Amino acid sequence: MTEAATPMPVLSPDTSCEDAFGQLIIGCCAALDRQLAVFLETEDESGPHKARVALRRLTTALDAFAPILRRKQAGQVRSAAKRLFRALGEVRDADVFLASHPGDSGALGRRTLEIRRKTRKMLRDSKAVGFAPGLLKLYGSQELFKQNRRSQIVRAAPVRLLAGLVMGDAWRVARSHGDDPAKMEEVARHDFRKDLKTLRYLGEFFQDFWPVEGWQLFLARMQELQDELGLLNDLANARQKGREGERTEVTAALKRATGLWAALSTMPPFWLPVAPPAAADPEPDL
């Protein structure tokens, strides 16, 4: 299932890197707070999934803006985010497995509720709800940022200069996985899927910078590809739990994924650094 889009702040190409990072982090923290509350207070299945999306976006922002962040502090935030992500992942996997096996809803349903109960207790005991406020406090104190002269110059630079560079880097990483998802081992295909998520999130961070036609086509193809890779991941998880999926379903999903990646990977890059508005030609001397 394609991840529901999380509203992104509208960034101007001339927004400074520091301010752009702040807007993204504030948005991710707000989304995380909302979805943690959904999980801790209700049985709505969307809570763990959307909380994990917020955490993925947050760690993507940390990685993208690494040139202006202190390595130690950013690494500590990233590690805490990953711990929370993994805890919610057990609930998410149980929800997906239950939904795919409605005939076994009795025992599986009880098991899923037990996983939810234990995870809620763990999150409350570890004060997970303090993660987002703590990160915002760290951001506000400026302790997250490098303070040397070179970093201060980058912090003040227009984010358009960073956007194209990080998109290009993420694109090269995605392309390095090869041309055919069907030829990838399951672990490699899972890594490919994660790298595509990073590419998509970066594109969404800076989506107002890109030419509309190129970005919309890229996003549509990316969503379809993620659907197929997500299905393959769910089938692999089910197999690990002793529930073999239909081989024809796996073969069909691999074929669709290969075709979608072939179309996506040959698209020309639309994320080249956005140029500032051209200055008007001076009037000729009379």
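None of these values were measured; they are calculated from a predicted model. Every chain is numbered on its own, with residues counted from 1 as its sequence reads. pLDDT decides what is reported in this predicted model: residues at 70 or higher carry local features, side-chain atom pairs at 80 or more are listed and counted, and totals for whole chains, interfaces and linings draw on all residues regardless. By convention in this description, side-chain values take in all heavy atoms of the structure and omit both hydrogens and water.

Participant: Quick rundown of the overall build of the protein? Include the residues and the values.
Facilitator: Helix numbers and strand numbers start at the N terminus; a helix is a DSSP run of H or I with at least 4 residues, a strand a run of E with at least 2. Secondary structure summary: the protein contains ten helices and zero strands in total. Counting helices and strands in the order they occur from the N terminus, the protein gives α-α-α-α-α-α-α-α-α-α. For each residue, the accessible area found with a 1.4 Å probe, counting protein chains only, is set against the maximum for its type, and the residue is called buried under 20%, exposed over 50%, and partly exposed in between. Of all 286 residues assigned to the protein, the portion counted as buried reaches 44%. Between two residues, a contact is recorded if the distance between any of their heavy atoms is within 4.5 Å. Intrachain contacts of the protein at a sequence separation of at least 6 include 78% that bridge at least 24 residues. Carbon together with sulfur atoms contributes 55% to the accessible area of the protein, which is approximately 15,200 Å² in total. Methods summary: accessible areas were calculated by the Shrake-Rupley approach with a probe of 1.4 Å, and residue burial reflects only the protein chains presented.

Participant: So what about the nonpolar core? Which residues, and what values?
Facilitator: If you look at the biggest cluster of nonpolar residues, it comprises 80 residues, and the most contacted ones within it are Phe21, Phe65, Phe206 and Phe218. Per-element tally for this core: the top contributor is helix α1 (residues 17–41), with twelve residues. With near-sequence residues (within four places) excluded, phenylalanine 21 lies in contact with Ala61, Leu62, Phe65, Ile68, Leu69, Tyr139, Leu144 and Phe145. As used in this record, nonpolar core signifies buried Ala, Val, Leu, Ile, Met, Phe, Trp, Tyr and Cys residues forming a set joined through side-chain atoms within 4.5 Å.

Participant: Describe the confidence of the model for the protein, and please don't skip the residues or the numbers.
Facilitator: Averaged over all residues, the pLDDT of the protein equals 88, while 88% of them reach at least 70. What pLDDT expresses is the predictor's confidence in each residue, scored from 0 to 100. Predicted confidence in the protein is weakest over helix α4 (residues 105–125), with a mean pLDDT of 87, and strongest over helix α5 (residues 131–140), with 97. Taken together, the stretch residues 274–286 has pLDDT below 50 and engages in six contacts with residues farther than four places along the chain or on a different chain.

Participant: How would you summarise the packing of aromatic side chains if you had to cite specific residues and measurements?
Facilitator: Each Phe, Tyr or Trp ring (for Trp, its six-membered ring) is paired with any other whose centre lies within 6.5 Å, and the angle between the two planes then decides the class: stacked below 30 degrees, edge-to-face above 60, tilted in between. Scanning the entire structure with this criterion turns up 18 aromatic pairs. When the centroid spacing of 6.5 Å and the interplanar angle of 85 degrees are considered together, the rings of phenylalanine 206 and tryptophan 210 count as edge-to-face. Just as phenylalanine 206 is buried, tryptophan 210 falls in that class too. Aromatic side chains phenylalanine 218 and phenylalanine 270 sit 5.2 Å apart centroid to centroid with 70 degrees between the ring planes, which places their arrangement in the edge-to-face category. One end of the pair, phenylalanine 218, is in helix α9 (residues 212–240); the other, phenylalanine 270, is in the segment after α10 (247–265), and 52 residues separate them in sequence. Using a relative accessible area of 1% as the deciding quantity, one classes phenylalanine 218 as buried.

Participant: Could you give me a rundown of the pattern of salt bridges, with the residues and numbers involved?
Facilitator: Throughout this description, the term salt bridge denotes a Lys or Arg side-chain nitrogen within 4 Å of a carboxyl oxygen of Asp or Glu. The full count for this structure, using the stated rule, is 13 salt bridges. The closest approach of N and O atoms between arginine 155 and glutamate 18, which form a salt bridge, is 2.9 Å. Of this pair, arginine 155 sits in helix α6 (residues 149–156) while glutamate 18 sits in helix α1; the two residues are 137 residues apart in sequence, bridging distant segments of the chain. Owing to a relative accessible area of 17%, glutamate 18 belongs among the buried residues under this scheme. Salt-bridge contacts for lysine 194 lead to aspartate 191; the nearest nitrogen and oxygen are separated by 3.7 Å. Here the residue lysine 194 and the residue aspartate 191 both occupy positions in helix α8 (residues 186–205), the gap between them amounting to three residues, near one helical turn. According to the relative accessible area criterion, aspartate 191 is partly exposed, its value standing at 30%.

Participant: Provide a residue-level description of helix α2 (residues 46–64), including the pertinent values.
Facilitator: A helix is expected to reach a length of 1.5 Å times the quantity of its residues less one. Its 19 residues place the ends of α2 27 Å apart at the C-alpha level, agreeing with the 27 Å of an ideal helix rising 1.5 Å per residue. Counting buried residues along α2, 16 of its 19 residues qualify, which places the element largely inside the surrounding structure.

Participant: Tell me about the side chain of arginine 120, and please be specific about residues and values.
Facilitator: In this structure, arginine 120 sits in helix α4. Exposure remark for arginine 120: the relative accessible area of 10% places this residue in the buried category. Within the local environment of arginine 120, its side chain forms a polar contact with the backbone oxygen of phenylalanine 39, the two atoms lying 2.7 Å apart. Discounting residues that sit within four places of it in the chain, arginine 120 has contacts with Phe39, Leu40, Thr42 and Glu43. Definition of a polar contact: a pair of N or O atoms within 3.5 Å, with one able to donate and the other able to accept a hydrogen when the atoms are protein atoms, and with sequence-neighbouring residues admitted only if both atoms are side-chain atoms.

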